[in-house]
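Here is what each chain is made of, one letter per residue.
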Amino acid sequence: MTQSTQNNGPIEGYIKTPPSVTVEGDTARIDAQSVYYRNMNDSVRKLVADGVKNITLDHVNGQRYIGNGVSGKDVRIEVNGTAGNDMAMFMNGPTVEVFGNAQDGVGNTMNAGKVIVHGDAGDVLGYGMRGGKVFIKKDVGYRVGIHMKAYENLIPVMVCGGKARDFFGEYMAGGMLVLLGMNSQFEGPLVGGYVGTGMHGGVIYLRGEVEPWQCGREVGIFTADEEDMKTLGPVLKEYCDALDMDYDEVVSVPFTKLVPISHRPYGKMYTYL
Amino acid sequence: MPHTLIQPEYRVEIDYDKCHKCGRCVQQCGWGVYSFNERPIPDDSKCRACHRCVTYCPAHCITIKKNDLALKENPNWPTDLRKAIWRQAETGGVMLTGMGNDKPYTSYFDHLVLDACQVTNPSIDPLREPMELRTFLGRKPDSVQVEANGTGGFKLKEGSEVSNNVELAAPIVFSPMSYGSVSLNVHKSLSMAAQRLGILMNTGEGGLHADLYPYQDNVIVQVASGRFGVTPEYLNRGAAIEIKVGQGAKPGIGGHLPGEKINKEVSQTRMIPQGSDAISPAPHHDIYSIEDLRQLIYSLKEASGYKPVGVKIATVHNVAAIASGIVRAGADYVYLDGFKGGTGAAPQIIRDHIGIPIEIAIAAVDQRLRDEGIRNQASIIAAGSIRSSADMAKAIALGADVVAIGSAALMALGCHLCQGCHTGCCSWGLTTQKPELTRRVDPEWGAERLTNLVHAWSHELQEILGALGVNAVESLRGSRERLRAVGLDEQTCKILGVKPAGM
C-alpha cells in the first residue's frame, strides 16, 4: 500500500466501494479489510436502518467514526481489530465492544450507550460526554474524561483499568470518572499531573492515592467511604463482568475521591462598570 | 472612604412639571434606576443610557445626559481607563463588558468607496430589471460535467458529485447568538425572520430549543468547545453545522455563562444542570491541529449525512494561513469574525485589544485562497460590525460571499448599544432570562422588524449593483476593481487589493 496522501481523499490503496456484508436475520458481518471509513460506516448505518441488531466488523485497522451518531438502544457493534479516532462520537444508545485497542476521542460528545475496549485507548476520551458508559481495560492517554457533564437522568460513567497521563478529568462538569491503575504496561505513578483542573461538577475515583500536587486547585481530596462504594461498587461490578476482572481484587485497595470545591469556580472573577 | 470613587456616567433628568407620576419609568427600567415616592426618583449611578424609560415615558419628560464631571483632561488617561482602575482596585476583578469594541479604531469600510457606471456601460434599474441576490453557501466543485436533460436544459452527468450547498435568498445571515446569552423570544424572532427571508439564523453554542424546530431548515447549528446541547438529533435538524473556534470579540478565550443565567429552559436546551456555570473551554480539546479539525469536520459530516460544515474563527494576525488550513481541512465555509464583533460578555481588555479588522481579513483570506487555487472550495462569511448595506456591499467586493449581522439584528429588536448585556438585566428584554423582561419582545413583532431590515438592505444592495451595472451579486464578489480607497496609506491599499481614488 502506498502511503502518499491526497488533499481530499483517503490514503491511496483503500477500497472506496461498499464492503462485503453477510446478513443472517438480525446479525451481520462486515469485512472491513482496507475499506475506506466512509463506505464501512455507511454500511453500518444502512444495516441499523434495516433493523439489524448485531453487527460485527472484522479486520478493522484504524477506520474512524465507528458508531458515530448511531442511535438504537439494542444495537450492538463488535469490532475486531484496532478502532480509529472518534469511535462512538455522538452515539446515542448502542453498545460498541472492541477486541483490540482504540485510539483518540472514544465516546466524544456521546449521549447514551456503552463502549467496552479490551485494550488501550488514546487521548481525549469522553470529551463532553453526557451519558452512557465507557469501559477501557488498559492504559489511557492525556485529557481523559475532559468536560464530562451530567444532565438530569443522564450521568456518564468512564472506568479506565490502567494508568492515565496528565489532565485526567479536566474541566469535569458531571458524571463519574474512575481510574484503577491495574492492567498497565507502565511503571510510574497511577496518574499524571493537573488531575481535575477546572473541575466544577461530578466525581473522580482513583484506586490508591494521589499526591496533592498532582491535582488541580479546584478539587478537594477525600478517601472514598462506604457511602461512595454504594454508587461506585455496582459500576465496578459491571466493569469487572464486562472485562473479565476480579471484583474483590479491584476493591481490595481504598479509593481516593476527588470532588470540586465549587460549582461556580469563576463566579467571583469578574467586575464591571 | 466612600465605597466607590466612580461617579455616575449619566444624569437622569425628569421634568416634573410634565411628569404624569404614572410610574412607567419605574416599571420599564431593568437596571433599577428608579424608586417612587409620589414621583419617580432616579439613582443616576445605575443608569446605562439604554433609553427604555425615555422611549416609554408618555410625557416625554425624561432626558438622559452625559454627566460631565469635568475631570482634569488628559488624553493619555481617558475617563474609562481611570474608572476601570478604580473599580479593579475595589474588587480585584477582570473588567467585563458587552457588545462590540468601542475604541476609536479606523473603520476601513468608511475609507472605501464603490464605483458606478457613467456614459460607457449603462447602469441598471433594479426596480424594472431582474437583480439576483441569491447566494449558495458551501463548497463548489473545481469543475462539473453536465449533459442535456432532454427538455432543453442540462443535468449533472452521472457520477459527478456536488457537495451540499444551502441556498440563501440574499447574502445575509444572522450571527450566532446563543439561547442563554439572548432570550428565547430573540431566538424565535430570528428564526421566524430567517424562514420568511429565505436566509439563516445561527443557534450559537446554546443548543436548539424545541420551539425552533419548525424553522430548523433555516438554522445553522453550532458546535463549540462546551458541546452544549449537541446530540445526533441536533446535528440532523440544522441546515448546516458550524464549528465555533473563535469569536471576534474574544479571540482565544472560552466563555463562562454564569450560573444565575441558567434557568430551567436554558438548562434543558443546553443539557446541563441549573445554576452551575456553563464553561466553554478556550480551545476544543479535540482540535490541536488542522488534521484534528479535519477529523471533527468529517465526524460531523458522518453524523449528519454530509451537511455543509463551516468553521468560525476570530480574525487574528495569521488569518489567511489559518483560513487556508480550514479550507484544506474540508470546511464548506469559513466564517471570519472581525475584532469589532459583538458579544454577550467578554473581558474588556480582550475585546478591545485582540484581533484584526474584518475588512483587512476578508481581503487577505480571499487573496490567499485565490493564490492557492482553492477559493471555490469554501464560501466566506464575513462579520464583525457590518453596520449597513454599504458595509455589506464593500465586504462582498473585498471577497466575502455572505455577511453576518448580530449587533444590527439586535438593534432592529430595540438594542440601544448600552453595553450592559453581561449584567442579565437588559431593559429591552434581549440579553436577559428574566421573564418580566423577556416578554417585552413579541416574536411576531421581532420577526417583522428583522424582515423589514433585511428587505431594506437587500433593496439597497440591488441599487448598488444596478449602479455598478451588474445584475447579480455574484458579479460583485471579490471585484475589488470596483472599490477605491480614500485616505488610506499605500501599504494598506496593497493589503486590501484596492487602488486609491483617482487611479
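Residues numbered from 1 in each chain as written. Chains lettered and ligands numbered in written order. Predicted model: local features only at pLDDT ≥ 70, side-chain atom pairs only at ≥ 80, totals over all residues. Heavy atoms only, no water.

Turning our eyes to something else, we now look at a nonpolar patch on the surface. All names here are of chain B. Taken together, Val 144, Val 146, Phe 154, Leu 156 and Val 162 make up a surface patch of nonpolar side chains, about 440 Å² in accessible area. Mapped onto the elements, Val 144 comes out in the loop between β7 (135-137) and β8 (146-148). Assessed through its relative accessible area of 44%, Val 144 is described here as partly exposed. (Patch = residues over 30% accessible without salt bridge, like charges linked within 9 Å, V, L, I, M, F, W, Y side chains within 5 Å. Areas by Shrake-Rupley, 256 points an atom, 1.4 Å probe, with all protein chains shown as cover. Salt bridge = Lys/Arg side-chain N within 4 Å of Asp/Glu carboxyl O. Helix = DSSP H or I, 4+ residues; strand = E, 2+ residues; numbered from the N terminus. Buried < 20%, exposed > 50% of the residue type's maximum accessible area, 1.4 Å probe, protein only.)

All names here are of chain B. Burial runs high along strand β13 (residues 219-223): five of the five residues are buried. Pairing of strand β12 (residues 201-202) with β13 involves two bridges; the strand directions are parallel. Pairing of Asn 202 across the sheet is with Ile 220, part of β13. For β13 and strand β14 (residues 240-244), the ladder comprises four bridges, and the chain directions are parallel. For Ile 220, the partnering residue across the bridge sits in β14 and is Ala 240. Remark: the β13/helix α5 (residues 232-237)/β14 crossover connection has right-handed handedness. (Pairing = 2+ DSSP bridges. Right-handed = clockwise from strand over helix to strand, strands pointing away.)

Next up on the list: the state of the cysteines. Tallied over the full model, the rule gives zero disulfides over all chains. Of all cysteine sulfurs in the structure, the one in Cys 160 of chain A sits closest to Cys 215 of chain A, which takes part in no disulfide; the separation is 16 Å. In this model Cys 421 of chain B remains outside any disulfide bridge; the closest cysteine sulfur is found in Cys 415 of chain B, 6.4 Å from its own. Among the residues examined, Cys 421 of chain B registers a relative accessible area of 6% and is labelled buried. (Disulfide = S-S within 2.5 Å.)

Here we take up helix α1 (residues 37-49) of chain A. Taking 1.5 Å per residue, 13 residues should reach 18 Å; α1 of chain A reaches 18 Å between its end C-alpha atoms and fits that length. Buried positions along α1 of chain A lie against β1 (21-24), β2 (27-31), β3 (54-61) and β4 (76-82) of chain A together with α7 (290-304) of chain B. Of the residues trailing α1 of chain A, Gly 51 of chain A is marked for its positive phi of about 95°. (Expected span 1.5 Å × (residues − 1). Contact = heavy atoms within 4.5 Å.)

Take the nonpolar core next. Membership of the largest hydrophobic core comes to 133 residues, with the highest contact counts inside it found for Ile 62 and Phe 174 of chain B. Per-element accounting of this core gives the leading share, nine residues, to helix α14 (residues 443-468) of chain B. Taken together, domain 1 (10-93) and domain 2 (135-500) of chain B each give at least three residues to this core, which thus spans both. Setting aside anything within four residues of it in sequence, one finds Phe 174 of chain B in contact with Leu 190, Ala 193, Ala 194, Leu 197, Ile 199, Leu 200, Met 201, Asn 202, Ile 405, Ala 409, Leu 450 and Val 454 of chain B. In terms of nonpolar packing, the next biggest core, distinct from the first, is built from 53 residues, Leu 47, Met 91, Leu 190 and Val 219 of chain A among them. (Core = buried A, V, L, I, M, F, W, Y, C linked by side-chain atoms within 4.5 Å. Domains from an automatic or database assignment.)

Residue and element names in this part refer to chain B. For chain B, the assigned domains read domain 1 (10-93) and domain 2 (135-500). Taken over C-alpha atoms, the centre of domain 1 sits 35 Å from the centre of domain 2. Across the boundary between the two partners, domain 1 contributes twelve residues, which contact twelve residues of domain 2. Interface area, domain 1 with domain 2, both sides summed: about 1000 Å², of which 54% is carbon and sulfur. At the surface where domain 1 touches domain 2, the tally comes to zero salt bridges. Seen at the junction of domain 1 and domain 2, the total is five residue pairs in polar contact (both at pLDDT 80 or more). Those elements giving two or more residues to the side of domain 1 that touches domain 2 turn out to be α1 (24-28) and α2 (52-56). In terms of residue count, the dominant contributor to the side of domain 1 that touches domain 2 is α2 (three residues). (Buried area = accessible area lost by both parts, 1.4 Å probe. Polar contact = N/O pair within 3.5 Å; in protein donor to acceptor, adjacent residues only side chain to side chain.)

All names here are of chain B. Taken together, the three strands give an open sheet; going across it, the order is β6-β22-β23, and neighbouring strands pair in mixed fashion. With partners counted over all chains shown, the strands left at the sheet margins are β6 (112-114) and β23 (499-500), one partner each. One ladder, built from three bridges, connects β6 with strand β22 (residues 483-485); its direction is antiparallel. Bridging from a neighbouring strand, Val 113 pairs with Arg 484 of β22. The strands touched by helix α11 (residues 389-398) are β6 and β22; relative to β6, the strand with the most contacts, the crossing angle is about 90°. (Axes fitted to C-alpha atoms, helices over the stretch in contact; angles between N-to-C directions.)

What follows concerns the interface of chain A and chain B. Frequently, the measure chosen for interface size is the accessible area removed from exposure when the parts meet. Listed as interface residues are 43 residues of chain A and, on the opposing side, 53 residues of chain B. For the pair chain A and chain B, the two sides together bury roughly 4200 Å², of which 53% comes from carbon and sulfur. Linking chain A with chain B are one salt bridge, by the criterion used here. At the boundary of chain A and chain B, one finds 26 residue pairs in polar contact (both at pLDDT 80 or more).

Residues and elements named next belong to chain B. Considering all chains together, one arrives at 41 salt bridges over all chains under this definition. In this structure, Asp 80 and Lys 103 form a salt bridge, with 3.3 Å as the shortest nitrogen-oxygen distance. Of this pair, Asp 80 sits in helix α3 (residues 79-91) while Lys 103 sits in the loop between β5 (94-97) and β6; the two residues are 23 residues apart in sequence, bridging distant segments of the chain. Residue Asp 80 is classed as partly exposed on the basis of its relative accessible area of 32%. Residues joined in a network through salt bridges with shared partners are Asp 366, Arg 370, Arg 375, Asp 401, Glu 474, Arg 477 and Arg 480.

A few words on the sheet that holds strand β5 (residues 92-99) of chain A. All names here are of chain A. As summarised here, the arrangement of the twelve strands in space is β1-β2-β3-β4-β5-β6-β7-β8-β9-β10-β12-β11, forming an open sheet in which the pairing is mixed. The outermost strands of the open sheet, each flanked by one partner alone, are β1 and β11 (219-223). For this sheet the average axis-to-axis angle between neighbouring strands, irrespective of direction, equals 15°. Examined bridge by bridge, β2 and β3 share five bridges and lie parallel to one another. Bridging across to β3, Arg 29 finds its partner in Thr 56.

In this model, Val 124 of chain A sits at a positive phi of 50°, which is unusual for a non-glycine residue. Here Val 124 of chain A is to be found in the loop between β6 (112-117) and β7 (133-136). One non-glycine residue, Leu 417 of chain B, adopts positive backbone phi at about 60°. Note on placement: Leu 417 of chain B falls in the loop between α12 (407-412) and α13 (435-438). Judged by relative accessible area, which is 41%, Leu 417 of chain B ranks as partly exposed.

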